[in-house]
Protein chains: 2
Amino acid sequence: MFNIRKAESRDAGAITAIILPVIREGATYALDTNLSKAEALAYWIAPDKETFVAEQEGVVLGTYYMRPNQAGGGRHVCNCGYMTGAAATGRGIARRMCEHSLIHARSQGYRAMQFNFVVSTNERAVKLWQSLGFEIVGRLPAAFSHPSAGYVDAFVMYQQL
Amino acid sequence: MFNIRKAESRDAGAITAIILPVIREGATYALDTNLSKAEALAYWIAPDKETFVAEQEGVVLGTYYMRPNQAGGGRHVCNCGYMTGAAATGRGIARRMCEHSLIHARSQGYRAMQFNFVVSTNERAVKLWQSLGFEIVGRLPAAFSHPSAGYVDAFVMYQQL
């Protein structure tokens with residue numbers, strides 16, 4: 001059984017174990033690679049975010065957050081971030097989390113979902129989001145300093161709900 | 001004499017008097033229109049921002065901020081916000097502030113400047129930024145709820161430095 005539910009305080013360790021290696025690698029998220037465990041967790045479960053976990057047989061394999069991408073007149077567009085545990089990649093968890101988030105976003109009254117910064121070298125993610133209905137609506141030239149590829153473009157991806 | 005300098009604590013009142021009407025109007029910035037004075041000021045002079053004022057004969061006519069648009073691998077791209085006092089519009093103050101910001105951004109080692117959310121109905125701003133070298137690199141469909149125009153597009157604008 002595969003289940004996606006709201007994160008609870010008891011998930012802190014599992015969430016940290018998933019997000020910290022992704023942050024440390026610095027290849028897909030524009031986050032300080034030196035964030036402490038506490039800072040990383042505080043970012044992922046910040047007060048303006050709803051955070052979910054994907055679990056199978058009680059083991060947390062992935063996590064995602066949702067938040068309004070802007071305030072005021074931009075509140076009807078949400079933003080999400082997804083991370084899958086290194087040992088669980090290739091099992092469709094990111095896809096399942098994104099599908100879940102699209103349903104949840106509609107239920108919350110959001111009218112669109114926006115990804116602000118999809119690193120262009122993360123081709124697997126770009127293709128996955130496209131297969132789930134997102135379009136590349138913007139290209140940010142050399143906006144990301146990749147740890148091995150140097151300066152690469154980032155995409156803005158968007159989907160009306 | 002027209003002068004642009006770093007904001008100081010004594011500018012708090014003048015900055016608030018400029019930004020609060022723009023925020024209350026809710027037509028150009030995606031910010032909660034109900035922000036208190038203290039919240040508005042805290043947003044504009046947040047710890048991750050450098051804030052400047054444009055003054056003439058000791059009177060503050062405009063203000064802008066600069067911050068890294070992303071952390072980590074995205075830190076080399078800055079983001080700015082500019083506001084001009086209602087009584088001082090049409091005098092080229094926004095242009096002067098943007099020119100100043102481009103010079104300051106280069107001096108700080110930034111490699112690009114990005115505006116994440118330029119409301120498409122703000123045609124004057126769009127044209128001004130274009131005249132200063134920015135390109136529309138993305139269009140966010142119906143991403144902004146305008147107080148009178150309804151749902152309108154927003155632009156992502158970008159310039160490499």
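Just so you know, these numbers come straight off a predicted model, no measurement behind them.

Another aspect to go through is the overall build of chain A. The helix and strand tally for chain A stands at four helices and seven strands. Computed over its C-alpha atoms, the radius of gyration of chain A comes to 15 Å, within 12% of the 15 Å expected for a compact globule of 161 residues. Considering chain A as a whole, with its 161 residues, one finds that 53% of them fall into the buried category. For chain A, restricting intrachain contacts to residue pairs at least 6 apart in sequence, the fraction spanning at least 24 positions comes to 59%. Element-wise, carbon and sulfur atoms account for 50% of the exposed surface of chain A, whose accessible area totals about 7,300 Å². Looking at charge distribution, chain A has the averaged site of its 16 positive side-chain charges lying 3 Å from that of its 13 negative ones.

Right, let's talk about the pairing of strand β3 (residues 59-68) of chain B for a bit. All names here are of chain B. In terms of burial, β3 is largely enclosed, as eight of its ten residues are buried. Inspection of the sheet shows strand β2 (residues 50-56) paired to β3 by seven bridges, in the antiparallel sense. Across the sheet, residue E55 finds its bridge partner in β3, namely V60. The loop that links β2 with its antiparallel partner β3 comprises two residues; one of these, E57, has a positive phi angle of about 50°.

Taken residue by residue, chain A gives an average pLDDT of 97. The fraction at 70 or more is 99%. Quick note on the complex model: pTM equals 0.96, ipTM equals 0.95.

A few words on the relation of the copies chain B and chain A. Between the two copies of the chain lies a relationship made up of a rotation around an axis and a movement along it. Overlaying chain B on chain A yields an RMSD of 0.0 Å, the required transformation being a rotation through 180° with an accompanying axial translation of 0.0 Å. Within this description, the copies of the chain are treated as partners about a two-fold rotation axis. Rotation axis and chain B: the residue whose C-alpha lies nearest the axis is B:G138, separated from it by 1.9 Å. With an isologous cut-off of 70% or more, the 100% of interface residues of chain B that recur at the interface of chain A puts this contact in the isologous class.

Residue and element names in this part refer to chain B. Across the interface, helix α3 (residues 93-107) lies against helix α4 (residues 123-131) with an axial gap of 11 Å and an inter-helix angle of 40°. Classified by the angle their axes make, α3 and α4 are oblique. Regarding α3 and α4, the two cross each other, and that crossing is right-handed. For the pair α3 and α4, contact is made by A94, R95 and C98 and by L128, W129 and S131, respectively.

Residues and elements named next belong to chain A. Inspection of every chain in the model, using the stated rule, returns ten salt bridges over all chains. Of the charged contacts, one joins D11 and R5 as a salt bridge, the two residues approaching to 2.8 Å between their closest N and O atoms. Grouping residues by exposure puts D11 and R5 together as buried. Among the salt bridges present, the one from R10 reaches E8, with a minimum N-O distance of 3.0 Å. Judged by relative accessible area, which is 58%, R10 ranks as exposed.

A word on the pairing of strand β4 (residues 77-84) of chain A. Residues and elements named next belong to chain A. In terms of burial, β4 is a largely internal element, eight of the eight residues being buried. Burial of β4 is two-sided: the residues V77, N79, G81 and M83 facing one way and the residues C78, C80, Y82 and T84 facing the other way are all buried. Bridge count for strand β3 (residues 59-68) against β4 is seven bridges, and the pairing is antiparallel. Of the residues in β4, the one forming a bridge with T63 is M83. Pairing geometry for β4 and strand β5 (residues 112-119), over two bridges, is parallel. Of the residues in β5, the one forming a bridge with C78 is M113. One crossover worth recording links β4 to the parallel β5 by way of helix α3 (residues 93-107), and it is right-handed.

A separate point is the side chain of B:T16. All names here are of chain B. The topology assignment puts T16 in helix α1 (residues 12-25). Given the relative accessible area of 10%, T16 is considered buried. If we skip the residues at most four places from it in the chain, T16 touches P21, K37 and L41.

What counts, and where the lines are drawn
Residues numbered from 1 in each chain as written. Chains lettered and ligands numbered in written order. Predicted model: local features only at pLDDT ≥ 70, side-chain atom pairs only at ≥ 80, totals over all residues. Heavy atoms only, no water. Helix = DSSP H or I, 4+ residues; strand = E, 2+ residues; numbered from the N terminus. Rg over C-alpha atoms; globule rule 2.2 N^0.38 Å. Buried < 20%, exposed > 50% of the residue type's maximum accessible area, 1.4 Å probe, protein only. Contact = heavy atoms within 4.5 Å. Areas by Shrake-Rupley, 256 points an atom, 1.4 Å probe, with all protein chains shown as cover. Lys, Arg positive; Asp, Glu negative; His and termini not counted. Charge placed at Lys NZ, Arg CZ, Asp CG, Glu CD. Pairing = 2+ DSSP bridges. pLDDT = per-residue confidence, 0-100. Least-squares fit on C-alpha atoms with pLDDT ≥ 70 in both. Axes fitted to C-alpha atoms, helices over the stretch in contact; angles between N-to-C directions. Parallel < 35°, antiparallel > 145°, perpendicular 65-115°, else oblique. Left-handed = near helix turned anticlockwise from the far one by under 90°. Salt bridge = Lys/Arg side-chain N within 4 Å of Asp/Glu carboxyl O. Right-handed = clockwise from strand over helix to strand, strands pointing away.

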